[in-house]
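Summary of structural features
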Amino acid sequence: MTAHTHVSSLAVRLGTVCALTLAVTGAMTLAPGSTPEANAAAVAARALHVAASKKGSPYQFGATGPYRFDCSGLTLYSFKQAGRKLPRTAQQQYNGSRHVSASSRKAGDLVFFHSGGRVYHVGIYAGNGRIWHSPKAGTVVRLERIWSHSVLYGRVG
């Protein structure tokens, strides 16, 4: 099977697939009885796609979508659309995720910004050192480079 045939076959099995999500995540074929890791990767890819689809949506403190978001509202909404329930705040999402090292991070993982032992911001890792997030009042959901070394990573699964 050629790579093109494999991707076309995958697209048919998954239905409408975002090509960017496949490219960024290196998505793998999902089959009944697939591993929990493969299922988690599919959920993460879907959540990443949902977050990217919200590009330009305005920030609003406490908002959880579908048209306005704060940081944890965007991650909560994105994973909810992908079939996973997350807690409401960035700190609660950190506490409830499976922590992974920076060297093990994957597209679709949560990126938590922290200071003084407190998590204050969250986004979804998009690969290449960038995240989808809803930064602060007066801004919109956007793709941005990770700007700090004070970050932790969590996997939803």
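This report concerns the structure included in the present document.

About the thresholds
- Residues numbered from 1 in each chain as written.
- Predicted model: local features only at pLDDT ≥ 70, side-chain atom pairs only at ≥ 80, totals over all residues.
- Heavy atoms only, no water.
- Buried < 20%, exposed > 50% of the residue type's maximum accessible area, 1.4 Å probe, protein only.
- Helix = DSSP H or I, 4+ residues; strand = E, 2+ residues; numbered from the N terminus.
- Contact = heavy atoms within 4.5 Å.
- Pairing = 2+ DSSP bridges.
- Axes fitted to C-alpha atoms, helices over the stretch in contact; angles between N-to-C directions.

1. A few points about helix α4 (residues 71–81)
- Among the 11 residues in α4, 9 count as buried, and that is most of the element.
- The complete set of buried residues in α4 reads Cys71, Ser72, Gly73, Leu74, Thr75, Leu76, Tyr77, Ser78 and Phe79.
- On its buried face, α4 sits against α3 (36–53), α5 (90–96), β2 (110–115), β3 (118–127) and β4 (130–133).
- Two residues or fewer past α4, Gly83 is found with a positive phi of approximately 95 degrees.

2. Here we look at the sheet that holds strand β5 (residues 142–145)
- On the basis of which strands lie adjacent, the open sheet formed by 6 strands has the order β1-β6-β2-β3-β4-β5 and antiparallel pairing. The strands lining the two open edges of the sheet, one partner per strand, are β1 (98–100) and β5. Mean inter-strand twist for the sheet, computed between neighbouring axes without regard to direction, equals 45 degrees.
- Examined bridge by bridge, β4 and β5 share 4 bridges and lie antiparallel to one another. Following the sheet pairing, Arg130 is matched in β5 by Arg145.
- Each of β1, β3, β4 and β6 (151–155) touches α3; the most contacted strand, β3, lies at about 95 degrees to it.
- Those strands touched by α4 are β2, β3 and β4, and its axis lies near 45 degrees from that of β3.

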